[in-house]
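As a plain string of letters, each chain reads:
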Amino acid sequence: MPEGHTLFALARDLDTAFAGTSPTVTSPQGKFAHGASLISGTEVEGATSWGKHLFVDFVGDRVLWVHLGLIGTFTIDTSSYAGELPVVGQVRCRFATEDHVADLRGPMVCDVVTPEKVDEVLGRLGPDPLRLTDVRSDPDLAWTRIHRSRKPIAELLMDQAVLAGVGNVYRSEVLFRLRVNPFRPGTAIKRSTWQAIWDDLVALLPLGVATSKIVTIHDQVDEVARALEEGGDVRLDSRDSYVYKRAGEPCLVCGSRIRTEVVAGRNLFWCGNCQRRS
Ligand SMILES: [Zn+2]
């Protein structure tokens, strides 16, 4: 499932491609025909994300609300012939202008809603480490839920009501980076540990936005952060991980075998030797 950095980059790209334009919106697949008719030909004000949710604002208080779910994709074609692109596969929603075509396939949510509905959706979501300038992105809001819960921290980090945007890769990797035992209940997590988790996500997610990869290995984090600071090209050919999808392989730090177990419906990966912190 795409994590928050993917949605943030997607919102940015949709904003760049369509803000200020009035795209033709259609539903080649037919399932979104009514919704598309409500916004087609209307000016796009902008696009934003919150966690894994995407919102495209149209003039006239109409908002396209999208959640990609497990298999959804939203691709933007910027080639000059874009306006004539043939429809490939099951396209739920297509935005088309003379310069750009964007195709949404397989989303979990694709709906035209009111700004009030957007507020309701945001009210159910925890803070987003990529939206620091928004007052709703206060790490204390997550902390109040974490320290009252007996659920394991690895499960709480995946709960979008606690924290918005973090998925399976970031939770496994950040808990390893900070040596936190993923099975510690929220009630046993120290406040300073939560602050360290939040700070790490705040540092890592923008690198994910910039590279379209989840960068967590310290050397690579430093390399990408430096390139971003210098304003140069950020290129990363491979993405490595400390624990994610490395079950049975030796821990890069201590050599113990990386373990895996299903937590909150997804395979958690961790090093039982390194991760003892509460
Ligand atoms: Zn280890």
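Residues numbered from 1 in each chain as written. Predicted model: local features only at pLDDT ≥ 70, side-chain atom pairs only at ≥ 80, totals over all residues. Heavy atoms only, no water.

- Named according to an unreviewed UniProt entry, the chain is DNA-(apurinic or apyrimidinic site) lyase originating from Knoellia remsis.
- For the chain, the Cofactor (unreviewed entry) comment in UniProt is given as "Zn(2+)".
- The heading Catalytic activity (unreviewed entry) in the UniProt record of the chain holds the text "2'-deoxyribonucleotide-(2'-deoxyribose 5'-phosphate)-2'-deoxyribonucleotide-DNA = a 3'-end 2'-deoxyribonucleotide-(2,3-dehydro-2,3-deoxyribose 5'-phosphate)-DNA + a 5'-end 5'-phospho-2'-deoxyribonucleoside-DNA + H(+)". (UniProt positions renumbered as here; feature names shortened; annotations may be inferred.)

1. Brief notes about the coordination of the zinc ion
Turning to step 1, where the next piece is worked out: At this site the zinc ion is bound by C251 (SG), C254 (SG), C271 (SG) and C274 (SG), with donor distances of 2.2 to 2.4 Å.
Turning to step 2, where the next piece is worked out: For the zinc ion, the four donor atoms are set out with angles of 99 to 114 degrees between them, so the coordination reads as tetrahedral.
Turning to step 3, where the next piece is worked out: In the primary structure, the donors to the zinc ion are separated according to the pattern C-x2-C-x16-C-x2-C. Of this pair, C251 sits in the loop between α8 (218-229) and β9 (259-263) while C274 is found in the segment after β10 (266-270), placing the two residues 23 residues apart along the sequence.
Turning to step 4, where the next piece is worked out: By relative accessible area, C251 is classed as buried at 5%. (Donors = N, O, S within 2.8 Å, 3.2 Å for Na, K, Ca; no water. Tetrahedral: all angles 85-135°; square planar, octahedral: opposite > 155°, others 65-115°. Helix = DSSP H or I, 4+ residues; strand = E, 2+ residues; numbered from the N terminus. Buried < 20%, exposed > 50% of the residue type's maximum accessible area, 1.4 Å probe, protein only.)

2. Looking at α8
Because each turn of an α-helix spans 3.6 residues, side chains separated by three or four positions end up pointing in the same direction.
Turning to step 1, where the next piece is worked out: Helix length check: α8 (12 residues) gives 16 Å between terminal C-alpha atoms against 16 Å at 1.5 Å per residue, within 8%.
Turning to step 2, where the next piece is worked out: For α8, the full list of buried residues reads Q220, V221, V224 and A227. Along the axis of α8, the buried positions cluster into a sector of 135 degrees, meaning they face one direction only. Of the exposed residues in α8, the ones pointing more than 90 degrees away from its buried face are D219 and E229.
Turning to step 3, where the next piece is worked out: Positive phi appears at G231, one or two residues downstream of α8, with a value of about 75 degrees. (Expected span 1.5 Å × (residues − 1). Arc of directions from axis to C-beta.)

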